[in-house]
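Understanding the architecture of this molecule
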Amino acid sequence: MTRFGALAALILAAPLVLRYPTLETQILTFGLLTVAFYLLLGELGFLSFGQATFNGIGAYVTARILIDGHAPLLAALLAGTLAGALGAALIGALATRGRGVYGVMLTFAFNEMAYYIAFQWRAVTGGDNGLGNLPQPTLFGLSLDDPVRYYYFTAVLVLAAFAAVLRLIDSPFGAVVRAIRENEERARAIGFRVERFKVVSFAISGALCGLAGGLYAGVFHFVPLQSIDLDLSSNIVVAAILGGAGSPYGALLGAAVFIVLSNVLSHVWAHWPLLFGIVFCAVVLFFRGGLWSVGGYGRRAAAHP
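Here is a short report on the structure shown in this document. Note that this is a predicted model, so its numbers are computed, not measured.

Thoughts on the overall build of the protein
Assigned secondary structure in the protein consists of 13 helices and 2 strands. Against the globule reference of 19 Å for 305 residues, the protein gives a C-alpha radius of gyration of 19 Å, in line with a compact fold. Its C-alpha atoms give the protein principal-axis dimensions of roughly 50 × 40 × 40 Å. Restricting the contact set of the protein to residue pairs at least 6 apart, pairs at least 24 apart contribute 78%.

A few points about the side chain of asparagine 55
As for its placement among the helices and strands, asparagine 55 is situated in helix H3 (residues 51–69). Judged by its relative accessible area of 5%, asparagine 55 is buried. Here serine 227 takes part through its backbone oxygen, which lies 2.7 Å from a polar atom of the side chain of asparagine 55. With near-sequence residues (within four places) excluded, asparagine 55 lies in contact with Leu33, Cys209, Ala212, Gly213, Ser227 and Leu232.

What about the packing of helix H2 (residues 21–44) against helix H12 (residues 248–268)?
Running from N to C, H2 and H12 point in directions that differ by 140°, and their axes come no closer than 8 Å. Compared by their axis directions, H2 and H12 come out oblique. Seen from above, H2 lies across H12 with right-handed handedness. Touching Leu23, Gln26, Ile27, Phe30, Gly31, Thr34, Val35 and Tyr38 of H2 are Pro248, Ala251, Leu252, Ala255, Ala256, Phe258, Ile259, Val260 and Asn263, all from H12. Here the residues of the contact of H2 with H12 are counted per class, giving 13 nonpolar, 4 polar and no charged.

Topic: helix H13 (residues 272–286)
Helix length check: H13, at 15 residues, gives a terminal C-alpha distance of 22 Å against a target of 21 Å (1.5 Å per residue), a fit within 8%. Residues of H13 that are buried in the fold lie against helix H11 (230–243) and H12.

Details of the pattern of salt bridges
By the definition in use, this model includes 8 salt bridges. Residues arginine 178 and glutamate 43 are paired through a salt bridge, measuring 2.9 Å at the closest nitrogen-oxygen approach. One end of the pair, arginine 178, is in helix H8 (residues 172–182); the other, glutamate 43, is in helix H2, with 135 residues separating them in the sequence. The class of arginine 178 is buried, set by a relative accessible area of 16%. When its relative accessible area of 3% is taken as the criterion, glutamate 43 is described as buried. The residue arginine 188 makes a salt bridge to glutamate 185 at a minimum N-O spacing of 3.2 Å. One end of the pair is arginine 188 and the other is glutamate 185, both in helix H9 (residues 184–189) and 3 residues apart, which spans about a single turn. For glutamate 185, a relative accessible area of 46% translates into the label partly exposed. Three or more residues joined by partner-sharing salt bridges are found here, namely Glu184, Glu185, Arg188, Glu195 and Lys198.

Notes on H8
Every buried residue belonging to H8 is among Gly174, Val176, Val177, Arg178 and Ile180, and all of these are buried. For H8, the elements touching its buried residues are H2, helix H7 (147–169), H9 and helix H10 (194–220).

Quick look at unusual backbone geometry
At arginine 19, a residue that is not glycine, the phi angle is positive and equals roughly 65°. Along the chain, the position of arginine 19 falls in the loop between helix H1 (3–17) and H2. The exposure class of arginine 19 is exposed, given its relative accessible area of 63%. Of note in the backbone geometry, histidine 221 takes a positive phi value of approximately 55° without being a glycine. Note on placement: histidine 221 falls in the loop between H10 and H11.

Cut-off values and rules
Residues numbered from 1 in each chain as written. Predicted model: local features only at pLDDT ≥ 70, side-chain atom pairs only at ≥ 80, totals over all residues. Heavy atoms only, no water. Helix = DSSP H or I, 4+ residues; strand = E, 2+ residues; numbered from the N terminus. Rg over C-alpha atoms; globule rule 2.2 N^0.38 Å. Contact = heavy atoms within 4.5 Å. Buried < 20%, exposed > 50% of the residue type's maximum accessible area, 1.4 Å probe, protein only. Polar contact = N/O pair within 3.5 Å; in protein donor to acceptor, adjacent residues only side chain to side chain. Axes fitted to C-alpha atoms, helices over the stretch in contact; angles between N-to-C directions. Parallel < 35°, antiparallel > 145°, perpendicular 65-115°, else oblique. Left-handed = near helix turned anticlockwise from the far one by under 90°. Nonpolar A, V, L, I, M, F, W, Y, C, P; charged D, E, K, R; others polar. Expected span 1.5 Å × (residues − 1). Salt bridge = Lys/Arg side-chain N within 4 Å of Asp/Glu carboxyl O.

Shown next as structure tokens:
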């Protein structure tokens, strides 16, 4: 069985074994965010601290369309995905002009700006109270209010998005992006429009984040202000590095470990981030390729299904 087939079987069987569909849906949506981050760091070599910006844009757009437009769930998710892609393309066009740490700080700054816009624009986002009263999600007349049904709906979309990411990585586009990561000046010298590839990479990453935000809004019928907070961006970075930022599978693994550990440790001790920090430090010190490297998978081998 291929790695992707094993992953699909694991995801589809999870509710039958663990029976925590809401938590499992949260793992899937957060996993999509870490995979989106992997596209920028693992493939393009760009460290972004602004992924929550695109997640929040997707969540708010999806929620507003569901509330105000009474649109079908798939149409609202599509709008949120496109909004995330557009926001990422605009920010990416500016952030990628910065060199080194300056580009990273631009993503940080835009995330802070987006957070305060969402905080102040209460008529649209609900401010610090969040945006609630989302209608019950339905798909072709079938109610998805049941957590298990919504989990499988999310699982299908996440698996489809993940398969698209794997295909993108192995495409000529992915090869060019990696060439830019390894030697940007050489890629430019042989005729590639480096800036365009960077912006498109940002847009694809933003689209995945927008979809994740919309799916999260659907499962909880609520969009909290934290969906666009810098803390979420930081958590995405930590989870991706924990699992292995050099592999899309590692990014998913890191998301699952992060969500499970944060939920378990928070019930053990009020100061659970300290325990999590110890785990993270141990992984960084002893498994430089993240938890995914424990299985002996190489950086590029992990990118193939």
